[in-house]
Amino acid sequence: MTTAVLYGITGIVLFSLGLYALVVQRHFLRRLLSLNIMGTGVFMVFIASAWRPAPEPVDPVPHAFVLTGIVVAVSATGLGVNLWRRMQAEKRGEEAP
Amino acid sequence: MTKNAGTSAGVRFAAAALTLAVAAVLVQQAVTVMSADRTGVGPLALRNLDESGVSHPTTAVLLNFRAYDTLLEIAVLVIALLGVRASALPRPFETAPAGRMLKSFSHFLVPVLIVAGGYVLWVGSHAPGGAFQAGALLGAAGVVLALAGALPELRAPGTGPVVGLAVFLVLGLQPLFAGDALLYYRGEWAKTVILLIEAGATVSIGWILAGLFMAVHRGDI
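Anyway, here's the lowdown on the structure attached to this text. (Residues numbered from 1 in each chain as written. Chains lettered and ligands numbered in written order. Predicted model: local features only at pLDDT ≥ 70, side-chain atom pairs only at ≥ 80, totals over all residues.)

1. Details of the overall build of chain B
Move 1: Counting secondary structure elements, chain B contains nine helices and zero strands.
Move 2: What you see in chain B, going N to C, is helices and strands ordered as α-α-α-α-α-α-α-α-α.
Move 3: Expressed as lengths along the three principal axes of its C-alpha atoms, the size of chain B is roughly 60 × 50 × 30 Å.
Move 4: Here the analysis covers contacts within chain B between residues at least 6 apart in sequence; of these, 78% occur between residues at least 24 apart. (Helix = DSSP H or I, 4+ residues; strand = E, 2+ residues; numbered from the N terminus. Contact = placed C-beta atoms within 7 Å.)

What follows is the structure in structure tokens.
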């Protein structure tokens, strides 16, 4: 078993843990975190898939995908937290700005 | 845990079964795929590295061969910030005033982060680095400033968040006038174009990440 396969399987484990929590948890923030953990698992699988045996250089395309994905995941999380908090404010009866 | 008590044992069992099934399929697929002889488009990118204008393959893929992805990603960031603005709370939270330690530490940390961001941006053309890493460092500088209560001007709508997208669009549309494809830049100008795009993207990514944090931190921006 190569290191890359180990990384890939770790990524799959993270993805599965996130998936389980996404189904089981009820609280919004916990679900958002579950999605983030699933995403991290996907990134790990991508990074592992970029690995090549020693003389060959690594595949740059999955690396680029992951870089793009991280930033998009962060912004989606930020937007999600804000939307959720706005919903909480509406529930408490605060008026719109 | 009271909020999560609603999940019954049956649901948990079904979720566990589903998760294990998905994991088993994924592991089986991964082992098959990763032990196979893979090529993909990586060698294609590495072969044409000389044309891209930069010598680091990941930067070449991000800013040249698959620049579409990066352009749309920066657009996604702008849209996320717009969404956060649109869903801002009626009034900001009461946040605790920053301590003296944090304030003086921010005076030391922020210049270091800005210099490091500039270095990482520049080094991205031939080593690991680039606009995203540099933008993340600038965003961290913004977070430190926000926590230290020294970033009130971020609340005003500025041009910072859209600079990256604007530069990218202008430089990306340029080849169309020369009869080439959208986002087609090769040869001697490619490195200049890529560095300009990355500089704009760095400012925007840092600004937007800091803005997203500010929004979460105090409820509005």
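Having seen the model, we can carry on.
2. Some points on the environment of L17 of chain A
Residues and elements named next belong to chain A.
Move 1: Relative to the assigned elements, L17 resides in helix 1 (residues 3-24).
Move 2: We classify L17 as partly exposed; it has 16 C-beta atoms within 10 Å.
Move 3: Each C-alpha atom, one on L17 and one on M38, is 7.5 Å from the other, the two residues being 21 residues apart in sequence. (Buried ≥ 20, exposed ≤ 12 C-beta atoms within 10 Å, placed from the backbone.)

3. Let's talk about the packing of helix 3 (residues 60-91) of chain A against helix 4 (residues 57-65) of chain B
Move 1: Two numbers describe how helix 3 of chain A lies on helix 4 of chain B: the axes approach to 8 Å, and their chain directions differ by 60°. Relative to helix 4 of chain B, the element helix 3 of chain A is oriented oblique. Classified by chirality, the crossing of helix 4 of chain B by helix 3 of chain A is right-handed. Across the interface between the two elements, P60, V61, H63, A64 and L67 of chain A from helix 3 of chain A touch P57, T58, A60, V61 and L62 of chain B from helix 4 of chain B.
Move 2: Taken together, the residues of the contact of helix 3 of chain A with helix 4 of chain B break down into eight nonpolar, two polar and no charged. (Axes fitted to C-alpha atoms, helices over the stretch in contact; angles between N-to-C directions. Parallel < 35°, antiparallel > 145°, perpendicular 65-115°, else oblique. Left-handed = near helix turned anticlockwise from the far one by under 90°. Nonpolar A, V, L, I, M, F, W, Y, C, P; charged D, E, K, R; others polar.)

4. Describing the interface of chain B and chain A
Move 1: On the chain A side, the residues contacting the 48 residues of chain B number 40 residues.
Move 2: Elements that contribute at least two residues to the side of chain B that touches chain A include exactly helix 1 (9-35), helix 2 (42-47), helix 4, helix 5 (67-86) and helix 9 (190-218) of chain B.
Move 3: Among the elements that take part in the side of chain B that touches chain A, helix 1 of chain B stands out by supplying 13 residues, more than any other.
Move 4: Of the residues belonging to the side of chain B that touches chain A, the class tally is 32 nonpolar, 11 polar and five charged.

5. Some thoughts on the nonpolar core
Nonpolar side chains tend to gather and get buried jointly when the protein is soluble and globular.
Move 1: Residues I205, L209 and L212 of chain B are the most contacted members of the largest nonpolar core, which totals 56 residues.
Move 2: Within the residue set of this core, elements represented by two or more residues are helix 3 of chain A together with helix 4, helix 5, helix 6 (100-123), helix 7 (131-147), helix 8 (160-177) and helix 9 of chain B.
Move 3: The element contributing the most residues to this core is helix 9 of chain B, with 14 residues.
Move 4: In this structure, I12, F43, M44 and V45 of chain A belong to the second largest nonpolar core, which totals 10 residues. (Core = buried A, V, L, I, M, F, W, Y, C linked by C-beta atoms within 7 Å.)

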